[in-house]
Amino acid sequence: MTSFDKKFCTLCYDDDGTSTEAVTWCTDCEVFLCTDCGKHHKRLKTSKDHKTMSTKDYHKLPKFIKEISNQCKDHKKKFELYCSSHGCPCCVTCITDEHQKCQELKPLSDILENVKSSASVQLFEKDLKNVKENFEEIIKYLNSRIETSTIQKQKAAEQIGSMRKSIDDFFNKLEQEILKDLESKQSKLKSKMNTLLQQLNTQANQITQVPSEFSQMTQYATELQTYVGLREIEKTTSQAAQYIEDLKSGGKLDENNLEITVSCELQSILKDIKSFGDININTSPSSLQVKTGRKDQAQNLVQAIPGIEEIKPTFLRQLTIAEDRKPIVIRACKILPTGEYLILDSQSIISHLLLFSNDGMFVREIVAINGCAVDSCLVRNNKVAVTIGLEKQTALVDVEKNKIIKTITLSHNCDSAASDGEMLVISSTEKSTIVNLNNESHTILEGVVADCLALFKGNIYGATIDDKIFCVDCTGKFLWTFKHHDIDNSGRLTLDKYGFVYIASLENNSIVVVSPDGKSCKTILSEADGIKDPLAIDINRETGMMIVSSIISDDSEHDTAYVYKI
């Protein structure tokens, strides 16, 4: 596309040759629009839903991204399908011409959905950062090796000079020869490393531009452009990573050390000495550690998210409550990164944080807390936050040291808490507070009221007193709300790695799952599965383990917890 097309409205110029300055770019039609054409474009039924961007933002796109079209170059038709076998988008004519035997054809809209927010985008960004850092580390390493070889040269020269002082002028000639040999070999060694440094600087300069292009692409490119662009970036990072790997495996980063071996007969048998010694380059494997890159990741750009109907928990075990601990009232239960289970037994006057082993056996009491604790959540570094509702306090507990290390006091009740390691969100039916765990600053979220909370990818999920499930961003802006008769008197909630929301429904004696978009739900556990008055629930997103509290009846009613694999 010419610079003329980029500056002026495509429609005006095509109609009557008028050069009207363009202000927007339609990513669907792939045309530039002036202000008037843009308004008309928005009113048309066929184009009112098209996505547009300012020409200023368009020019920020990398050159190779601008060259990616949403239309097939061969057939001039819009891409509608994606062939997994060939790893490319297709139009309807492509299927007849080239993909008749391909089995893995999917709607392109499914492939591109949420592509910018997919985990693979973050992984590619990390790969780019790793490759760039690898070049920086190697350059730093080689500069250090040059300095080291210079120091080694100096030490060798000192040895030579020291020996020379004790020897007769007879050895002056030999001394000059050995110094010349030393200078020659160190010069060759330095020249070799400088040549490699020049090559590395060239490679590093090329890869330095990619992160900027990547950032611009993820901000301004279309989903298709992002998808195809990621494949191009993956090739660049893979080539760079392979280049670094070849350096290591080819021995080009091996340490070449200058050493001098002084003749052992030098001090005693001067007349028999024919050389001062030898200058050797002792090579040993490099101690440099580089970050390994991933290979062939472009094929797995979009994470396969299961359908809600596929979620079927498998029962694994029930926690064994020691007789001397009965009866207990489970307000919250958590799965630790170690696979152990943390239970908040909350009575009216005093609450207990209890630890159970991976096989469900009671291990020890971690701490006793004065007051009726309401909820708990993992924070970071073996720390757990425990909310003490009416006391308007939240205790930070060190699980390993079995003690309360800090108490946070707020202006409202502390009903529920959730943390992602960077922030701690504490909610009530009045308002909520975000506590920054790095500087301990507090931010009030006036419009966010919830009986229970969870965090996932920077968003806050919660349930209100009237059983509305909601999702808001960290500023309190509502993204969606959901209400269904299957959720009645909601207890705690949690999320799995795909963003499905799991809610304990006390009145229905069930566990309900809400889809990531907040549009549908499904009951996955009920009273038929032994679930009764469930209040607490938690999921370890890494292992897919889920723990749910329930009342169990024997001689007397008391709480227990069941563990499932989802």
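Residues numbered from 1 in each chain as written. Predicted model: local features only at pLDDT ≥ 70, side-chain atom pairs only at ≥ 80, totals over all residues. Heavy atoms only, no water.

Overview of the overall build of the chain
Right, on to step 1. Counting secondary structure elements, the chain contains ten helices and 32 strands.
Right, on to step 2. In terms of overall dimensions, the chain is more spread out than a globule: its C-alpha atoms have a radius of gyration of 34 Å, far above the 24 Å expected for 566 residues.
Right, on to step 3. Dimensions along the principal axes, computed over C-alpha positions, put the chain at roughly 105 × 85 × 50 Å.
Right, on to step 4. A total of 566 residues make up the chain; the buried ones form 45% of that total.
Right, on to step 5. The contacts in the chain between residues at least 6 apart in sequence include a share of 50% that link residues at least 24 apart.
Right, on to step 6. With the model as given, the accessible surface of the chain reaches about 29,400 Å², and the carbon-plus-sulfur share is 48%.
Right, on to step 7. Within the chain, the 80 negative side-chain charges are centred at a point lying 6 Å from the centre of the 68 positive side-chain charges. (Helix = DSSP H or I, 4+ residues; strand = E, 2+ residues; numbered from the N terminus. Rg over C-alpha atoms; globule rule 2.2 N^0.38 Å. Buried < 20%, exposed > 50% of the residue type's maximum accessible area, 1.4 Å probe, protein only. Contact = heavy atoms within 4.5 Å. Areas by Shrake-Rupley, 256 points an atom, 1.4 Å probe, with all protein chains shown as cover. Lys, Arg positive; Asp, Glu negative; His and termini not counted. Charge placed at Lys NZ, Arg CZ, Asp CG, Glu CD.)

Concerning the sheet that holds strand β25 (residues 478-482)
Right, on to step 1. An order of β22-β23-β24-β25 is seen for the four strands of this open sheet, with the pairing classed as antiparallel. Each end of this open sheet is capped by a strand with a single partner; those strands are β22 (452-456) and β25. Mean inter-strand twist for the sheet, computed between neighbouring axes without regard to direction, equals 15 degrees. (Pairing = 2+ DSSP bridges. Axes fitted to C-alpha atoms, helices over the stretch in contact; angles between N-to-C directions.)

Section: the nonpolar core
Right, on to step 1. By size, the foremost hydrophobic cluster in this structure holds 61 residues, and its most contacted members are F135, I138, L142, L200 and F214.
Right, on to step 2. Every element with two or more residues in this core is listed here: β4 (81-83), α7 (108-112), α8 (119-165), α9 (172-220), α10 (223-249) and β7 (255-262).
Right, on to step 3. The leading source of residues in this core is α9, at 14 residues.
Right, on to step 4. Among all residues touching F135, those that are not within four sequence positions of it are L200, Q203, A204, I207, A240, Y243 and I244. (Core = buried A, V, L, I, M, F, W, Y, C linked by side-chain atoms within 4.5 Å.)

A closer look at α10
Right, on to step 1. Its 27 residues give α10 an end-to-end C-alpha distance of 38 Å, which sits within 8% of 39 Å, the value for a rise of 1.5 Å per residue.
Right, on to step 2. The first or second residue beyond α10 is G251, which carries a positive phi of 80 degrees. (Expected span 1.5 Å × (residues − 1).)

Structural notes on the layout of surface pockets
Right, on to step 1. One number sums up the size of the second largest pocket: a volume of about 940 Å³.
Right, on to step 2. Lining the second largest pocket are 37 residues; nearest its centre among them are S419, L455, L495, I539 and R541.
Right, on to step 3. The set of elements that each furnish at least two residues to the lining of the second largest pocket consists of α8, β10 (330-335), β14 (375-378), β18 (416-419), β22, β26 (490-495) and β30 (537-540).
Right, on to step 4. Top contributing element to the lining of the second largest pocket by residue count: β22, with five residues.
Right, on to step 5. Partitioning the lining of the second largest pocket into residue classes produces 21 nonpolar, seven polar and nine charged. (1 Å grid on protein atoms, 1.4 Å probe; cavity = no way out; pocket = protein on both sides within 12 Å on 5 of 7 lines; lining within 4 Å. Points joined across faces, edges and corners; volume = space filled by probe spheres on them. Nonpolar A, V, L, I, M, F, W, Y, C, P; charged D, E, K, R; others polar.)

Overview of helix α3 (residues 35-43)
Residues spaced three or four apart along an α-helix point in a common direction, a consequence of the helix completing one turn every 3.6 residues.
Right, on to step 1. Those residues of α3 lying buried are C37, G38 and H41. Projected down its long axis, α3 carries its buried residues within an arc of 105 degrees, all on one side. Within α3, the exposed residues directed more than 90 degrees away from the buried face are D36 and R43. (Arc of directions from axis to C-beta.)

Overview of a negative patch on the surface
Right, on to step 1. The grouping of D488, E507, E527 and D533 at the surface amounts to a negative patch.
Right, on to step 2. Along the chain, D488 turns up in the loop between β25 and β26.
Right, on to step 3. D488 sits in the partly exposed class, given a relative accessible area of 32%. (Patch = residues over 30% accessible without salt bridge, like charges linked within 9 Å, V, L, I, M, F, W, Y side chains within 5 Å. Salt bridge = Lys/Arg side-chain N within 4 Å of Asp/Glu carboxyl O.)

Thoughts on unusual backbone geometry
Right, on to step 1. Along the chain, K326 connects to P327 via a cis peptide bond; the corresponding omega equals -10 degrees.
Right, on to step 2. Structurally, P327 can be placed in the loop between β9 (314-318) and β10.
Right, on to step 3. Even without being glycine, D467 reaches a positive phi, approximately 70 degrees.
Right, on to step 4. Here D467 shows up in the loop between β23 (459-463) and β24 (469-472).
Right, on to step 5. A relative accessible area of 10% places D467 in the buried class.

Focus: the pattern of salt bridges
Right, on to step 1. Scanning the entire structure with this criterion turns up twelve salt bridges.
Right, on to step 2. Across the salt bridge formed by K383 and D398, the nearest N and O atoms sit 3.7 Å from each other. Here K383 is found in strand β15 (residues 383-388), whereas its partner D398 is found in strand β16 (residues 393-398), with 15 residues between them in sequence.
Right, on to step 3. When its relative accessible area of 23% is taken as the criterion, K383 is described as partly exposed.
Right, on to step 4. As a salt-bridge pair, K406 and E440 come within 3.4 Å of each other at their nearest N and O atoms. Here the residue K406 occupies a position in strand β17 (residues 403-409), and E440 occupies one in the loop between β20 (432-436) and β21 (442-445), the gap between them amounting to 34 residues.
Right, on to step 5. Among the residues examined, E440 registers a relative accessible area of 46% and is labelled partly exposed.

Section: the sheet that holds strand β3 (residues 52-54)
Right, on to step 1. Read across the sheet, three strands follow the order β2-β1-β3 without closing on themselves; strand pairing throughout is antiparallel. Whereas interior strands pair on both sides, the edge strands pair on one side only; in this sheet they are β2 (31-33) and β3. Neighbouring strand axes in the sheet, compared pairwise and without regard to direction, differ in orientation by 30 degrees on average.
Right, on to step 2. Bridge analysis of strand β1 (residues 24-26) against β3 gives three bridges, and the strand direction is antiparallel. Across the sheet, the residue bridging to W25 is M53, located in β3.

Considerations on the packing of aromatic side chains
Right, on to step 1. Following the criterion strictly, the structure yields ten aromatic pairs and no others.
Right, on to step 2. Here the aromatic rings of F315 and Y564 are separated by 5.7 Å at their centres, their planes lie at 75 degrees, and the arrangement is edge-to-face. One end of the pair, F315, is in strand β9; the other, Y564, is in strand β32 (residues 557-565), and 249 residues separate them in sequence.
Right, on to step 3. The exposure class assigned to Y564 is buried, which follows from its relative accessible area of 3%. (Phe/Tyr/Trp six-rings, centres within 6.5 Å; stacked < 30°, edge-to-face > 60°.)

So, the pairing of β21
Right, on to step 1. Across four bridges, β20 lies against β21 in antiparallel orientation. Note on β21: the bridge partner recorded for V435 is H442.
Right, on to step 2. Counting the residues that bridge the hairpin from β20 to β21 gives five residues, and of these E440 lies at a positive phi of roughly 65 degrees.

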